[in-house]
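Chain by chain, the residues run as shown.
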Amino acid sequence: MKEEIVIEVENLRVDFENVVACKNVNFKVYKGEIFGLVGPNGAGKTTTLKVLSTLLKYTWGKIKIFGYDIEKDFKEIRKIVGFMPDFPPVYNELKVWEFLYLYASSYRIEKEKRMSRIEALLNTFNLFEKRNSFIGELSRGMKQRLILAKTLIHDPEILLLDEPASGLDPTGRKELGEMLKKIGKSGKTVIISSHILTELADFCTSVGIMEKGEILLYGKIDEISGIPKDKTLIRLRIKENIDLKEILGDYQKIEKIEKIEGNCWKILIKGDENSIPELIKFVTDKGISIVEIKKEKEDIQTIYFKSGAKYVT
Ligand SMILES: Nc1ncnc2c1ncn2[C@@H]1O[C@H](COP(=O)(O)OP(=O)(O)OP(=O)(O)O)[C@@H](O)[C@H]1O
Ligand SMILES: [Mg+2]
């Protein structure tokens, strides 16, 4: 099945008075993807997201969202996009439900449907018990969840989230990751920015690496990971301190083998994961004890290095 392109950015350029914030930015995002926009401070992430949310005028470029032209059809686009800014305005003197009601009204959700929509979101984001609390009384993580709930109020097809994990503790980050995975599975498309690579690694399906206003590399993690489709990367830890490369030298299915550290080896084998049992048999037949074996994806960090970006966290 052909995948549906939801966001298409061509040659985007954004000039501020003295700075070119984005230049020649090109990327595509497909339906259901969780696209991580990653790069250091000042890379142009917020600028890109603001343009996509129709809130910022750009200098030139061509941008389509669900086939709509961002310039001509911005009203349509606003209906299908939910934007969570990096420093969202919160109104400490409003109650949690009032805040959501405010946005429900401004998105013109029918009056009789507003409260049920708000209730559903409060439940999803574990805030139902706090519905009558003032926003000023919420913890940072709760505020983040409330902002995310607000971003979803009009049930947008696309979510643009600018550093939503900042200020969250590890549990909060994990919860956010789980929620985003669910959102992606429901068919919605998410772009999420961060300058912390590891923050995105667990739940992004694709990534765009940005530096100095340019996208250096983008694509599905599986496709840009460098592991060919017909090969499998394995991490193997053995008990013996031996040269596994020499011992496996006559095993035909090995494409590449290198030592990572200690008795741990990275092995690229021909074939899909069905080749793993055969490898295990071959190794154990040589009298070697396997302590751990794991099929590996090349991680986001490796992709980052490949992009040529200089900055990494
Ligand atoms: N309103 C503005 N006026 C002038 N320059 C701006 C404006 N907004 C952003 N810039 C500049 O554009 C560049 C990109 O900024 P942007 O906020 O998009 O980066 P970012 O990747 O989101 O960084 P961070 O990780 O710090 O949020 C920076 O050099 C910044 O100083
Ligand atoms: Mg930013």
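**Q** Can you walk me through the side chain of Ser133 in this structure?
**A** By the secondary structure assignment, Ser133 is in the loop between helix H4 (111-124) and helix H5 (140-151). The residues contacting Ser133, other than those within four sequence positions of it, are Leu94, Lys95, Val96 and Leu138.

**Q** What is the right way to read the packing of aromatic side chains from this model?
**A** Remark: the centre distance and the inter-plane angle together describe each pair of aromatic rings, the angle taken between the planes. A complete count under the given rule lists six aromatic pairs for this structure. Ring geometry for Phe27 against Tyr218: centres 6.5 Å apart, planes inclined by 65 degrees, an arrangement best described as edge-to-face. A residue pair is termed long-range when its members are at least 10 positions apart, and Phe27 in strand S2 (residues 20-30) and Tyr218 in strand S10 (residues 214-220) qualify at 191 residues. Judged by relative accessible area, which is 30%, Tyr218 ranks as partly exposed. Considering the side-chain rings of Phe99 and Tyr103, the 5.1 Å spacing of their centres and the 70 degrees angle between planes classify their relative orientation as edge-to-face. Taken as a pair, Phe99 and Tyr103 lie in helix H3 (residues 96-106) at a separation of four residues, close to a single helical turn. Here Phe99 falls in the buried class, since its relative accessible area comes to 0%.

**Q** Explanation requested: the environment of Ser193 in the structure shown.
**A** Positionally, Ser193 belongs in strand S8 (residues 189-194). In the structure, Ser193 is positioned 29 residues away from Pro164 in sequence and 7.8 Å away in space, judged by C-alpha atoms. Here Ser193 is in contact with Leu37, Lys45, Leu49, Leu161, Asp162, Glu163 and Pro164, once residues within four sequence places are set aside. Reaching out from Ser193, the side chain makes a polar contact with the side chain of Asp162 at a distance of 2.6 Å.

So, how was this worked out
- Residue positions are given per chain, counting from 1 as you read along its sequence in written order.
- Lettering of chains starts at A and numbering of ligands starts at 1, both following the order in which they are written.
- With the structure being a predicted model, the display of local features is reserved for residues of pLDDT at least 70 and the display and counting of side-chain atom pairs for 80 or more, all residues being used for whole-chain, interface and lining totals.
- Side-chain numbers here rest on the full set of heavy atoms in the structure, without hydrogens or water.
- Only runs of H or I of at least four residues qualify as helices and only runs of E of at least two qualify as strands under DSSP, and these elements are numbered from the N terminus.
- In what follows, a contact means two residues having at least one pair of non-hydrogen atoms within 4.5 Å.
- Any two rings among Phe, Tyr and Trp, with Trp reduced to its six-membered ring, count as a pair given centres within 6.5 Å; such a pair is stacked if its planes are under 30 degrees apart, edge-to-face if over 60, and tilted if neither.
- Under the scheme applied here, a residue whose accessible area is under 20% of the maximum for its type counts as buried, over 50% as exposed, and between as partly exposed, the area being computed with a 1.4 Å probe on protein chains only.
- Contacts described as polar in this section are N or O atom pairs within 3.5 Å, which, within protein, must combine one atom able to donate a hydrogen with one able to accept it, while residues neighboring in sequence count only if both atoms come from side chains.

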